[in-house]
Structure formats: structure tokens, C-alpha cells
Amino acid sequence: MSKIKKAALFIICIFSIPYNIFSQTAFSLPDSIMDYSSPKEYEIADITISGVKFLDNNILINLSGLRKGQKISVPGDAITKTIQKYWNQGLFSDVKIRATKIVGNKIYLDIYLKERPRLGRLEVTGIKKSDKDDLIDKLKLKTGTQVTDNLLNNTVLAIKRHFTEKGFFNVKTTITQQMDTLSQNRVDLNIHVDKNSKVKIQEIVFFGNQAFSTKKLRHKMKKTKQKTWNFFVGSKLVEKLYKEDKEKLIKFYNENGYRDARILNDSIAVVSGNRIKLFIWLEEGRKYYFRKITWVGNTKYPAEVLNQVLGIKKGDVFDQSLLDKRLQQDEDAVSSLYLDNGYLFFTVTPFESKIDNDSIDLEMRIHEGKPATINKIIISGNTKTNEHVVRRELRTKPGQLFSKSDIMRSVRELATLGHFDPEKIEPVPVPNPSDGTVDLEYKLVEKANDQLEISGGWGANMFVGTVGIRFSNFSAREMFNPKAWRPIPSGDGQSLSVRAQTNGSYYQSYSLSFSEPWFGGKKPNSFSFSMFYSKQSGYYSYYQKSAGRYLIVSGASVGLGKRLTVPDDYFTLSNEVDFQQYHLKDWTDSYKNPIFLFANGRSNSLTFKTTFGRNSVDQPIYPRRGSQFSITLELTPPISLFKRDNWWILPDNQKAGLSETEIANEEEKEHYKWIEYHKWTYKGTYYLNIFDKLVVSANSQFGYLGRYNRKWGYSPFEKFELGGDGMTGYTLYGVETIGLRGYTNGSLTPQLNGRNEGNIYDKFTFELRYPFSLSPTATIYGLTFLEGGNAWTGFGQFNPFIIKRSAGVGIRAFLPMFGMLGIDWGYGFDNAYTAGSNHGQFHFTMGQQF
């Protein structure tokens, strides 16, 4: 046999030996097979892959690090490193490299790779089905996944982590593999999980704490609690939450002057199979105080002003987080003082100039820069709303000095429009330091705010169906543009509402309203118009339609409003003229008593209404801060002041030939031909964001219906009706319905001969709100409330300290298509005017309450 053939035979033998025979050094073969002292050099002529079925050959060749034309020594490091690379992947159970042919100094290599098996079936045992489903969903082990050592190790760790978070610290996991006899290169996995007993924290023990008690420190650990009698408080140990609580513990120390505080060590001691103890060793360090604060680089404002804004005095406990808030983060921080006056490039850096025992001197190094002016205003994201509607609400204009407060006010104005998602309104300053200007981009996300109402409700002993639609971003100027009907003209911020109600037989109502918030397009002067018609031919026990008796109410109104600039531009003043006509025919109850003081005739009401109000809430759907109030005065002409007493009484010569009923009817027609009254109402709400998204809402209301002439009497129609959900289920013009939860509808309204005599009322509400979702598709929040109020016939009986109290819980959901929907459960603590109308009550609400 020639020397070349012998060498080829040796190489083939060498490369055919599995790699795990020589695990540490490549080609650790006996000297009798090959002389390692004189390796030979070859040029790789070709590389092939064998043994694999599911992986790409080209990728595997590239992974080897070998290439055609490369010169290698045999034996040598190149082959050894290649084999090691494949083993490191963890994808193969066997790796071999063979020389299939040698021609001169050229060598042909074949890399044999045996793939690890892939996952066939997965079975989890030892736990109940609900735990099993959660675990399988979390592991995400899919059929066909390659089963490697790394996958098995990660699976064990994931199972341990999953159950540790649930309080099971002694989880044991056993994974067994069984080859799938029906599928080639498949393996079935059985994962057996033994959770053992749930482990709870028996006690948290602190060492080294002198400034604060152990009880205080335990309280600061919000997510890691020791076992107590209160079974609502969890006591499991979750590593991630435990780490966060330790950070909160140090932050608490830092906020109280202990800036050097640290945790020296912590450990866990097993008390029993289901109980552990936590031990935490603390080093509190010294308590520090602010001493001298100096300002460097300030030319715009003197140190006295900056110290006043900073609000930190000599001797105050040192708190780095408070310092950061007062310099940069708070709305009234030092940075805001500069940013509100154009200093966009302002920076302030606190420098600890001296630490003397427990006192720290600070030097505030300021770089004011030059005031920046606004160059361009860019609007993006308004896919439906026209750009001029957005721009007219902005308080930032090109050429003005940059102002943070103007930007925040602009965001508030855009949020209150209702056309954009208030959580996603993002003002983005783009500074241009080279020319001292800044571009402002307002990034917006449109949201649907047109509302469709299809509902049914129960009111006045009848079921009433309602169909209505409200277009909140209507465009009247595009009505005659066929291309704008998609499905209706929109984009100009106008409001158009159409609504119809009926019970199908004896009640029907129709209304139409339109409003333009910028009448004329140049100033924020509003214009509104509305008209309505309702007819009712049955009442209480009269459930069938009757042509001989009815109540028809119709009317229209026109209003103008104006945004004021004094005291500030949150104030508005609006005026409205209303005309209503009441047409009654035999309108009596089942005992033939008039429902509205008279039963036949027409009454007219011409009123002038003026409303002075202020609204500074940050957004309309889920307000977190700000307030709103309104004072409304509604007047009719004082006709009685220009007529003689009892002028509607017929003279004797006109009574001749008339029955008593006919005389009464004629006098009623004359008496109530024109209605007169004056009505005063106040409504106010204040919002306070107390923590995260938790909001307190406080509301107060007051209403008074007065008369010009005591002999004339109160208006037969204008009344207040208190109690219940504030919804009648049908429209009754002239009666203002005020909800008070925990009582049935109208049960807190005084009655006289079966008629509503609520001429004065007050109401107070305190709500605590927290949102579950602030998505533009569904804003949902829960609430708890305390409520109280009462109604009286007049000031002679009025006593603001006598109120009907209630408390309860509720939930609200704002759906763009349907508006605000809600359900409350309230408990009324006091007796109502109607017996048995208090105690537990469910209430359904529709629409935003004010």
C-alpha cells in the first residue's frame, strides 16, 4: 500500500471517531495511529453535511468556520475548534468530521451531525387542571421544538419561578423523556410538578434600625408582608416584589434625611415546611439637613425669588427626591419658572459644595441660555378634525416666547374638545439651538365621539323607548358637498343632536339641537339652537291612548355664549331666550284632580336665562384636577306686577249663564296664560388627584324657584324633583330632575295634594374614583360615594342642616358610541317623603353628571 493511501486511511479513521472520546484536546489519539509531532497541511476542496433533516446545510457549513480553499493542518486546532462549536450549540447529540477523499494536498470533508430529538407530546402531571393550563400557557412549549439541555433547564426554572410567585417555594420538578415510537426523531416529555405546601412569611425581622420602629419599616414594604390575622393581606415572598420593597425601604430612609442608608445583608430562614422568616440588616447612617443654599449663574431672577420657589429652608431634613421635584418635576418647580418665560435651554445642577457633620451646603449652578421663540406649530394625527379647529384652541403661536404653562393649557383645551384621546395628546418641542427657536409638534390620536342612543327605560309607570344620535364633530358648511358625506359632514367641531322617544301608544317626544362653539370662526363665541315637541295622552292609571285628554309641550330656544378674559379665560357667560307652550286638555289624575293646578288651556313661557360659569377641569371624561361651577338665573317677564290683584277673576257680568266648572276653566285659562317665575341654580364640582390615578370629586348643588307675586302663586310647571338616579325615562319639560342615590325617583320631593311642590333643594356629593381602563375605546372607572340632600316647598321650611344621607358604590363606562353609562348601588339612611323609598337601591345612569 502506498504512503498516500496509508495516510488517507489514517485520516479517515481519525475523523470517524466520535468527538466525546477526546473531550478535552482534539485528536488525543495513541501515537501508533498518528504522529502528532509532524502534522500535514491540506487545502479544503469541499465541505458537505450529513445526518441532519431539519436544519439548513449552508447555515451549518457557515457555522463550522471552515471554508473551501482554506488550508488546515491534520491533526490541528481548526478541526478541534469546529467540533467544539457544534457541541456548544446544544442542538446535536453526536458530531463527527470525516475525510471522504484526499487527492494530492486537497482534502474533502464531511461533517456528520445527529440532531437532538424534537418535542412530540407534552404532559404535565401532579397539579390540578387550572394550574396545568396556566403553566402550559406560560411555558409555550410547542410541538416540533428541539429538546435541548438548555430547554429542559429553562423549563425547570420557569416552573419554579411560576409557583414561587404564588407562594410555593419548595417546588420539585421531574422531567422524563420517552422516544415517540410513531414519529421519527420525536420525544415525548412528561413534566411532573410537586408544589408542596404554600410558604408564607411568618415574620420580618430588622436589625440595626434605630430611627424607625420595626412596625414602621414593615409598613413601608407594600408587597412583602408577614402573616397576620388579616387574611386579605397576602404574605407570600415574590423575589421581584421583595427586591422592589427593599428599594422602597432605602428610598424611605433617603426621604427622611438618611442619605447613606443601605441594606447590609438579608437572608431567609426556614421555620417549617410552610413558614419562613426574613432577616434584614440595616445601616442607617447619619441624618442630614439642608443648610446653606446659594445660586450661581442666575441673572433673570434673584436668589430670594428662587429660594421662595424652591421652598426648602435651612434646617429642613435633606431629601434628594424632594430637591429634584422642586427643581424640575413639580408644576410650580424652579424650572417651570424659567420655562414659562421662554428659557427652553435652562438647566440647573445642584452641587454639594460642603458637607459639615450632619449639614449639607448646596450650590445651584444655573445655565439660563437665551429665551427661545416658537418657530412653527405642527399638528399631526388629526385624521378627522380639521386643522383650524385644533389651532384655534392652542395658546402657543409662532413668534411667541416658549412657555410650558401655555403648552399645558393647550393640551387641556384639546382634551376638553372630546375629539382626541386625552391620554395620548403629546406636545413635542423640537429645539433649534443655532437660531434660538423651537418648533412645537402636537401629536394627536383621534377618537370616536359620535353617540348613538337606543335604549328603553321605565318612568311614570310606563316603558319608554328612545332612539337618538349625536354628532359631536359636525360640519354644517360641508352639508352641500357630496364628497363630505362619509357618512356625514364632519371636522368642524359643531354638535348636532336628534332624539325621539315613545312608548308606542300614549307618549311621544322629538327634539333637535345644534351648537357652534366658534360662531363666526374668529372668536370663541358659541351659538346654540334647539326645538322640541312632546305629546302625552295618558297618565298613571290611564294606560290607553285617549283623544279627549292630552298634554302637549313644544318650544324652541336660541343662545349665545362668550369666553371671558376677566378674571381669567376659564370663565364663560352665556345667554339664552326660550319659548315654551303647554297645551292641556282634561289633564287630571285618576281622581279627576288637576296635575298642574289646572287641567285645560294653553300656557306660554318666555324666559331669559343667563349662566355665569368657570371650567378648568383637565378633561371631560375622567377629570383628575380642576374645578367647574355655574350660576344660572332664569327669568320670565313679571306680568303680575303690572296687573291688579286677582285680575284673572271674571267679573259678575261675565259669569252670567256659565256653570261653576265653566267659570273655573275660563279663570284658569286667563290665570295661567303666561307663566311667571324666577329660578336660581348653582352647581359646582372640584377634582383632586390624590395618588396615581385616584381622584376625589366633591360636588355641591342648590336650586330655588321663586315668584314675583305671592298672590299669583308658584309656577304650575317649573319644579325640582329630587331622589333616585336623576333619570325619568321620558322627557317632562319644566321639571328639573336631580338624582340622589339610595332613594327611589322623586321620593325626596315634597307633595301637596299629589302634586310636586319642590321649589328649593340642595345636594352634596363626595366621590372617590379609580379607573380600570382609560382606553379611548372604553373608559371604565369604579367609585364609592357619600351623598346627601333635601327638597322643600319654600324658604320658610328650608334648613340646609337637615339632609337625607346615603352611601354606596358604582361603576362608570364611557363608550364613544353610547356615551357615559353607569350603575350604582346606594343605601339611604333616612326616611323619605314616600314611605319605604330608602334603604338599598340600584340606579342606572346615562350621560355625564354635573
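The structure this text deals with has already been given above.
Described in the following lines is the structure provided in the data block. (Residues numbered from 1 in each chain as written. Predicted model: local features only at pLDDT ≥ 70, side-chain atom pairs only at ≥ 80, totals over all residues. Heavy atoms only, no water.)

1. Side note on the pairing of strand β9 (residues 262–272)
Consideration 1: In terms of strand pairing, β9 meets strand β10 (residues 275–283) through 9 bridges, oriented antiparallel. Residue S267 lies in a different strand from β10, and its bridge partner there is F279.
Consideration 2: Hairpin connection, β9 to β10: the antiparallel pair is bridged by 2 residues. (Pairing = 2+ DSSP bridges. Helix = DSSP H or I, 4+ residues; strand = E, 2+ residues; numbered from the N terminus.)

2. As for empty space enclosed by the protein
Consideration 1: A full pass over the atoms with the stated rule returns 5 cavities of 30 Å³ or more.
Consideration 2: Taken together, D421, P422, E423, K447, Q619, I621, Y622, L774, S775, P776, T779 and F814 make up the full set of residues lining the largest cavity.
Consideration 3: Considering only residue class, the lining of the largest cavity consists of 6 nonpolar, 3 polar and 3 charged. (1 Å grid on protein atoms, 1.4 Å probe; cavity = no way out; pocket = protein on both sides within 12 Å on 5 of 7 lines; lining within 4 Å. Points joined across faces, edges and corners; volume = space filled by probe spheres on them. Nonpolar A, V, L, I, M, F, W, Y, C, P; charged D, E, K, R; others polar.)

3. Focus on the sheet that holds strand β6 (residues 172–179)
Consideration 1: The 3 strands are arranged β5-β7-β6 in an open sheet whose pairing can be described as mixed. Only two strands of the sheet have a single partner each, and these edge strands are β5 (118–125) and β6. The sheet shows a mean angle of 20 degrees between the axes of neighbouring strands, direction not considered.
Consideration 2: Relative to strand β7 (residues 186–194), β6 runs antiparallel, the two sharing 8 bridges. Its bridge partner lying in β7, I175 is registered against I191.
Consideration 3: Along the sheet, helix α5 (residues 149–164) contacts β6 and β7; its crossing angle with β6, the most-contacted strand, is approximately 145 degrees. (Axes fitted to C-alpha atoms, helices over the stretch in contact; angles between N-to-C directions. Contact = heavy atoms within 4.5 Å.)

4. Overview of the side chain of D361
Consideration 1: Inspection of the secondary structure assignment puts D361 in strand β13 (residues 359–367).
Consideration 2: Given a relative accessible area of 8%, D361 falls into the buried group.
Consideration 3: Beyond its immediate stretch of four places on either side in the chain, D361 contacts R291, K292, F351, E352, S353 and K354. (Buried < 20%, exposed > 50% of the residue type's maximum accessible area, 1.4 Å probe, protein only.)

5. Structural notes on the environment of K763
Consideration 1: Along the chain, K763 turns up in strand β32 (residues 760–775).
Consideration 2: For the pair K763 and R805, spaced 42 residues apart in the sequence, the C-alpha separation amounts to 9.8 Å.
Consideration 3: Setting aside chain neighbours within four positions, we find K763 in contact with N699, S700, Q701, I738, G739, E787, G788 and G789.
Consideration 4: In terms of polar contacts, K763 uses its side chain to reach the backbone carbonyl oxygen of G739, at 2.6 Å. (Polar contact = N/O pair within 3.5 Å; in protein donor to acceptor, adjacent residues only side chain to side chain.)

6. Quick word on the packing of aromatic side chains
Aromatic rings in a pair are described by how distant their centres are and how their planes are angled relative to each other.
Consideration 1: Scanning the entire structure with this criterion turns up 25 aromatic pairs.
Consideration 2: For the pair F612 and F629, a centre-to-centre distance of 6.4 Å together with 70 degrees between the ring planes defines the contact as edge-to-face. Of the two residues, F612 sits in strand β24 (residues 601–615) while F629 sits in strand β25 (residues 626–635), which places them 17 residues apart along the sequence.
Consideration 3: Given the relative accessible area of 23%, F629 is considered partly exposed.
Consideration 4: Where Y704 meets F795, the ring centres are 4.6 Å apart and the plane angle is 45 degrees; that geometry is what we call tilted. Of this pair, Y704 sits in strand β27 (residues 694–706) while F795 sits in the loop between β33 (778–792) and β34 (804–815), placing them 91 residues apart in sequence.
Consideration 5: Under the relative-accessibility criterion, Y704 is labelled buried at 17%.
Consideration 6: By way of ring pairs, the aromatic residues F702, Y704, W792, F795 and F798 are connected into one cluster. (Phe/Tyr/Trp six-rings, centres within 6.5 Å; stacked < 30°, edge-to-face > 60°.)

7. Focus on a positive patch on the surface
Consideration 1: A grouping of K128, K138, K140, K142, R161, K166, K198 and K236 is seen on the molecular surface, where their side chains present a positively charged patch.
Consideration 2: The topology assignment puts K236 in the loop between α6 (214–220) and α7 (239–255). (Patch = residues over 30% accessible without salt bridge, like charges linked within 9 Å, V, L, I, M, F, W, Y side chains within 5 Å. Areas by Shrake-Rupley, 256 points an atom, 1.4 Å probe, with all protein chains shown as cover. Salt bridge = Lys/Arg side-chain N within 4 Å of Asp/Glu carboxyl O. Lys, Arg positive; Asp, Glu negative; His and termini not counted. Charge placed at Lys NZ, Arg CZ, Asp CG, Glu CD.)

8. Re helix α3 (residues 77–89)
Consideration 1: Between its terminal C-alpha atoms α3 stretches 19 Å, which fits the 18 Å expected from 13 residues at 1.5 Å a residue.
Consideration 2: Residues of α3 that are buried: I79, T80, T82, I83 and Y86. Along the axis of α3, the buried residues cluster in a sector spanning 165 degrees; they form a single face. Of the exposed residues in α3, those oriented more than 90 degrees away from the buried face are D77, K81 and N88. (Expected span 1.5 Å × (residues − 1). Arc of directions from axis to C-beta.)

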